[in-house]
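One letter stands for each residue in the lines below.
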Amino acid sequence: MPASPDAYGPGIRALVAIARNSGGRERVSTMAHLNWHIDLDIDRSETESEARATLQLPDTTRLTTRGHAKRNPNDPEQAQVGEELAAARALNDLARRLLRKAAHEIEEATHAPAHPHP
């Protein structure tokens, strides 16, 4: 019997599918649906934007990264562009840190170098 949805922990729902294989035997497949939230805070001035991205993982790890953008004085004032650049840089760094964390966990489990692709 598949585990109940609550067995996967808070914020995780289990999807259960029952299928028949070519021999007519039932096969139960369980897939967990996780919902992670990234907090993205942006501060800006007339010439600079600073973004902070924070991801709280189910294992209680908290990853926080920052991104910065500074407007060239010769460029037109477009606050949204600076915000987007700062946010993209913070999220890009967050993705790289999450990949490094996953690689480290793979290496701990397999005792072999891991090189997950972005």
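Residues numbered from 1 in each chain as written. Predicted model: local features only at pLDDT ≥ 70, side-chain atom pairs only at ≥ 80, totals over all residues. Heavy atoms only, no water.

A. Up close: the overall build of the protein chain. Assigned secondary structure in the protein chain consists of 1 helix and 5 strands. The order of α-helices and β-strands along the protein chain, N terminus first, is β-β-β-β-β-α. Residues classed as buried in the protein chain amount to 17% of the 118 residues present. Of all intrachain contacts in the protein chain linking residues separated by at least 6 positions in sequence, the fraction that spans at least 24 positions is 30%. Looking at the protein chain as shown, the accessible area adds up to about 9,000 Å², and 51% of this sits on carbon and sulfur atoms. (Helix = DSSP H or I, 4+ residues; strand = E, 2+ residues; numbered from the N terminus. Buried < 20%, exposed > 50% of the residue type's maximum accessible area, 1.4 Å probe, protein only. Contact = heavy atoms within 4.5 Å. Areas by Shrake-Rupley, 256 points an atom, 1.4 Å probe, with all protein chains shown as cover.)

B. Geometry of the layout of surface pockets. The calculated volume of the largest pocket comes to roughly 270 Å³. Lining the largest pocket are 19 residues, and of these Lys70, Arg71, Gln78, Val81 and Gly82 lie nearest its centre. Mapped onto the lining of the largest pocket, the elements with two or more residues apiece are strand S4 (48-56), strand S5 (62-70) and helix H1 (79-110). Residue composition of the lining of the largest pocket, by class: 5 nonpolar, 6 polar and 8 charged. (1 Å grid on protein atoms, 1.4 Å probe; cavity = no way out; pocket = protein on both sides within 12 Å on 5 of 7 lines; lining within 4 Å. Points joined across faces, edges and corners; volume = space filled by probe spheres on them. Nonpolar A, V, L, I, M, F, W, Y, C, P; charged D, E, K, R; others polar.)

C. Examining the sheet that holds S5 more closely. Ordered in space as S3-S4-S5, the 3 strands form an open sheet in which the pairing is antiparallel. Either end of the sheet is taken by a strand with one partner, and the two such strands are strand S3 (38-44) and S5. Mean inter-strand twist for the sheet, computed between neighbouring axes without regard to direction, equals 15°. On the sheet, H1 packs against S3, S4 and S5 and is oriented at approximately 145° with respect to S5. (Pairing = 2+ DSSP bridges. Axes fitted to C-alpha atoms, helices over the stretch in contact; angles between N-to-C directions.)

D. Quick peek at the nonpolar core. The biggest cluster of nonpolar side chains holds 10 residues, and these are Ala51, Ala53, Leu55, Leu57, Leu63, Ala69, Ala86, Ala87, Ala90 and Leu94. Among the elements that make up this core, the one with the highest residue count is H1 (4 residues). Leaving out residues up to four positions away in the same chain, Leu55 has contacts with Trp36, His37, Ile38, Thr61, Arg62, Leu63, Leu94 and Leu98. (Core = buried A, V, L, I, M, F, W, Y, C linked by side-chain atoms within 4.5 Å.)

E. A look at unusual backbone geometry. Although it is not a glycine, Thr60 sits at a positive phi angle of roughly 75°. With respect to the element layout, Thr60 can be found in the loop between S4 and S5. A positive phi angle, close to 60°, is found at His111, a residue other than glycine. Note on placement: His111 falls in the segment after H1.

F. Representation of the pairing of S5 within the structure. Burial along S5 is one-sided: Leu63, Thr65, Gly67 and Ala69 are buried, while Arg62, Thr64, Arg66, His68 and Lys70, pointing the other way, are not. Across 9 bridges, S4 lies against S5 in antiparallel orientation. Across the sheet, residue Arg52 finds its bridge partner in S5, namely Arg66. Hairpin connection of S4 to S5: 5 residues between the antiparallel strands, including Thr60 at a positive phi of 75°.

G. Quick peek at the environment of Arg44. Tracing the backbone through its elements, the reader meets Arg44 in strand S3. Considering only alpha carbons, one finds Arg44 and Ala69, 25 residues apart in sequence, at a separation of 9.2 Å. Every residue in contact with Arg44, bar those within four places of it in the chain, is listed here: Ser49, Ala79 and Glu83. A polar contact is formed between the side chain of Arg44 and the side chain of Glu83, at a distance of 2.4 Å. (Polar contact = N/O pair within 3.5 Å; in protein donor to acceptor, adjacent residues only side chain to side chain.)

What is shown is where atoms sit, not what they do.
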